[in-house]
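# Geometric and topological summary
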Amino acid sequence: MFADLHLHTNFSDGTFTPEELAERGAKAGLAAMALTDHDTVEGCARMAAACSERGIRFITGTELTAELQGNELHLLGYFIDIDNPTLLGEMKKFQAVRQSRIHEMVKRLNDLNIPLRAETVFKVANCQSPGRPHVGRALVQEGFCTNMDEAFDRFLKKHRPAFVPKMRVSALDAIELIHQSGGLAVMAHPGLTRSDELIPRLVDEGLDGIECFHTKHSASTSDHYLKIAARYNLLITGGSDCHGFSKGKPLIGGVKLAGEHLQKLLDAHQRRNDRVNRQ
Ligand code: AMP
Ligand code: ZN
Ligand code: FE
Ligand code: FE
């Protein structure tokens, strides 16, 4: 029994619809899937229905871009209540910032004599939570770049001229937001963040788990974070971070979280619910 707990749809910067993603998950033999779109839970209702039809256990989720001591880190919120008004209100703000950031990135491209229009990016994105991949796809579509790698390498990645930092919620507030929405907070792809020194502070603030398994983690990176999980008594999660086709094939199911870790996550959620219900 395996799970993939890090997936994106076209409600953020993935290219698959929830139904397409569920279908691919079923083909990959997944027993459970979580949707972790950036700064939105809009895809969760459809994903839940699509998973249910296929006998796949579905876990609600999101991926928030957060900040701690000047470092960007991504926090996954699992089992969040997708109707929670506070959560939805905060996400609306994150989405508004993402939308104005698109205008800022387009302006920088225009200053570089790339006549891309914000309208084109929004049309490509067709969602409330647009991001850099949508700018990249628009650059490719309009013939300004030959592929996404070129778009990121020339313009969009950090230290490149069209890079605009995102407003980042403090990691402590993000953990609090996830908890008050009934969720568990998990540090995403720590091997990419490379800020292990932040982990003790996050644990003090209630971090519940750490994503030990990720497409971009080597076996030794995963081992390293499994040891950290054991040291701080953190839940262990994993996922492919599939955004659709990547170099010709989708990543979904490429990272398989073992059933024992999934069960511990489900148990931790149950315990939290029981505790809240007793209060
Ligand atoms: P954003 O949240 O708007 O800053 O965009 C971040 C997203 O861009 C990540 O979730 C990845 O999906 C994607 N991304 C980041 N770096 C690259 C890259 N070098 N090539 C392609 N996609 C990337
Ligand atoms: Zn993404
Ligand atoms: Fe991420
Ligand atoms: Fe992601």
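Reading guide: rules and limits
Residues numbered from 1 in each chain as written. Chains lettered and ligands numbered in written order. Predicted model: local features only at pLDDT ≥ 70, side-chain atom pairs only at ≥ 80, totals over all residues. Heavy atoms only, no water. Near = heavy atom within 4 Å. Polar contact = N/O pair within 3.5 Å; in protein donor to acceptor, adjacent residues only side chain to side chain. Helix = DSSP H or I, 4+ residues; strand = E, 2+ residues; numbered from the N terminus. Nonpolar A, V, L, I, M, F, W, Y, C, P; charged D, E, K, R; others polar. Domains from an automatic or database assignment. Pairing = 2+ DSSP bridges. Contact = heavy atoms within 4.5 Å. Axes fitted to C-alpha atoms, helices over the stretch in contact; angles between N-to-C directions. Donors = N, O, S within 2.8 Å, 3.2 Å for Na, K, Ca; no water. Tetrahedral: all angles 85-135°; square planar, octahedral: opposite > 155°, others 65-115°. Buried < 20%, exposed > 50% of the residue type's maximum accessible area, 1.4 Å probe, protein only. Parallel < 35°, antiparallel > 145°, perpendicular 65-115°, else oblique. Left-handed = near helix turned anticlockwise from the far one by under 90°. Buried area = accessible area lost by both parts, 1.4 Å probe. Salt bridge = Lys/Arg side-chain N within 4 Å of Asp/Glu carboxyl O.

Before going further, it helps to spend a moment on the site of ligand 1. Lining the immediate surroundings of ligand 1 are Asp13, His38, Arg98, Arg101, Gly131, Arg132, Pro133, Phe152, Lys166 and His243. Between ligand 1 and histidine 38, the relevant distance is 3.2 Å, taken from an oxygen atom to a side-chain nitrogen or oxygen of the residue. In the model, an oxygen atom of ligand 1 is placed 2.8 Å from a nitrogen or oxygen of the arginine 101 side chain. Only α3 (85–111) and α5 (132–141) provide two or more residues apiece to the shell around ligand 1. A class-by-class count of the residues in the shell around ligand 1 yields two nonpolar, three polar and five charged. Two domains each provide a minimum of three residues to the shell around ligand 1, namely domain 1 (2–84 + 169–278) and domain 2 (90–156).

What the four strands build is an open sheet, ordered β3-β2-β1-β12; its pairing is mixed. Each end of this open sheet is capped by a strand with a single partner; those strands are β3 (57–59) and β12 (257–258). Pairing analysis gives two bridges linking strand β1 (residues 2–4) to strand β2 (residues 32–34), with the strands arranged parallel. Its bridge partner being in β2, aspartate 4 is matched across the sheet by methionine 33. Strands β2 and β3 of the sheet are contacted by helix α2 (residues 44–53), whose axis makes an angle of about 165° with β3.

Before going further, it helps to spend a moment on the coordination of the iron ion (ligand 4). Octahedral metals with six donors have ideal donor angles of 90 or 180 degrees. Tetrahedral metals with four donors have an ideal donor angle of 109.5 degrees. Within the protein, the iron ion (ligand 4) binds to His6 (NE2), His8 (NE2), Glu63 (OE) and Asp241 (OD); these donor distances fall in the range 2.1 to 2.3 Å. What the four donor atoms of the iron ion (ligand 4) show is an angle range of 76 to 164° at the metal, which sorts the shape as irregular. One chain supplies every donor to the iron ion (ligand 4), and in sequence these donors are spaced H-x1-H-x54-E-x177-D. A separation of 4.5 Å is found between the iron ion (ligand 4) and the zinc ion (ligand 2). With histidine 6 in the loop between β1 and α1 (18–27) and aspartate 241 in the loop between β9 (235–239) and β10 (245–246), this pair connects stretches of sequence that are 235 residues apart. Pair check on accessibility: histidine 6 and aspartate 241 agree, each one buried.

A separate point is helix α7 (residues 171–180). Within the sequence span of α7, burial applies to Ala171, Ala174, Ile175, Leu177, Ile178 and His179. Positive phi shows up at glycine 182, right after α7, with a value of about 80°.

Protein coordination at the iron ion (ligand 3) comes from Glu63 (OE), His74 (ND1) and His189 (NE2), with a distance range of 2.0 to 2.2 Å. Binding-site remark: the iron ion (ligand 3) is held by donors from one chain whose sequence spacing is E-x10-H-x114-H. The metal-metal distance between the iron ion (ligand 3) and the zinc ion (ligand 2) comes to 5.9 Å. Here histidine 74 is found in strand β5 (residues 71–78), whereas its partner histidine 189 is found in the loop between β7 (184–187) and α8 (190–193), with 115 residues between them in sequence. In this pair, the class of histidine 74 matches that of histidine 189, namely buried.

Now for the packing of α3 against helix α4 (residues 118–125). Axis separation between α3 and α4 bottoms out at 9 Å; the angle between their running directions is 135°. If you check the angle between α3 and α4, you find them oblique. Between α3 and α4 lies a crossing whose hand is right-handed. Packed against α3, whose contacting residues are Gln99, Ile102, His103 and Val106, the element α4 presents Ala118, Val121 and Phe122 at the interface. Each residue belonging to the contact of α3 with α4 can be placed in one class, and the counts come to five nonpolar, two polar and no charged.

Here we take up the packing of α1 against α2. It is at 8 Å that the axes of α1 and α2 come closest, and there the two elements cross at 35°. α1 and α2 meet at a crossing whose hand is right-handed. Residues Pro18, Glu19, Leu21 and Ala22 of α1 pack against Arg46, Met47, Ala50 and Cys51 of α2. Across the contact of α1 with α2, the residue classes tally to six nonpolar, no polar and two charged.

Next up on the list: unusual backbone geometry. For aspartate 39, which is not glycine, the phi torsion reads 55° and is therefore positive. The topology assignment puts aspartate 39 in the loop between β2 and α2. Phi is positive for glutamine 69, which is not a glycine, with a value near 50°. Mapped onto the secondary structure, glutamine 69 falls in the loop between β4 (61–68) and β5. A relative accessible area of 56% means that glutamine 69 is categorised as exposed.

Right, let's get into the domain arrangement of the protein chain. According to the domain assignment, the protein chain contains domain 1 (2–84 + 169–278) and domain 2 (90–156). Centre-to-centre, using C-alpha coordinates, domain 1 lies 25 Å away from domain 2. Between domain 1 and domain 2, the contact holds 18 residues from the first and 13 residues from the second. Approximately 1100 Å² of surface area, both sides summed, lies buried where domain 1 meets domain 2, with 55% of it carried by carbon and sulfur atoms. Together, Asp13, Asp39 and Leu177 form the three largest contributors to the area buried by domain 1 at its contact with domain 2, with a combined 41%. Inspection of the region where domain 1 meets domain 2 yields one salt bridge. The salt bridge partner of arginine 98 is aspartate 39, with a shortest N-O separation of 2.7 Å. One can count five residue pairs in polar contact (both at pLDDT 80 or more) joining domain 1 with domain 2. Sort the elements by how many residues they give to the side of domain 1 that touches domain 2 and β4 lands first, with three residues. A per-class count over the side of domain 1 that touches domain 2 returns five nonpolar, nine polar and four charged.

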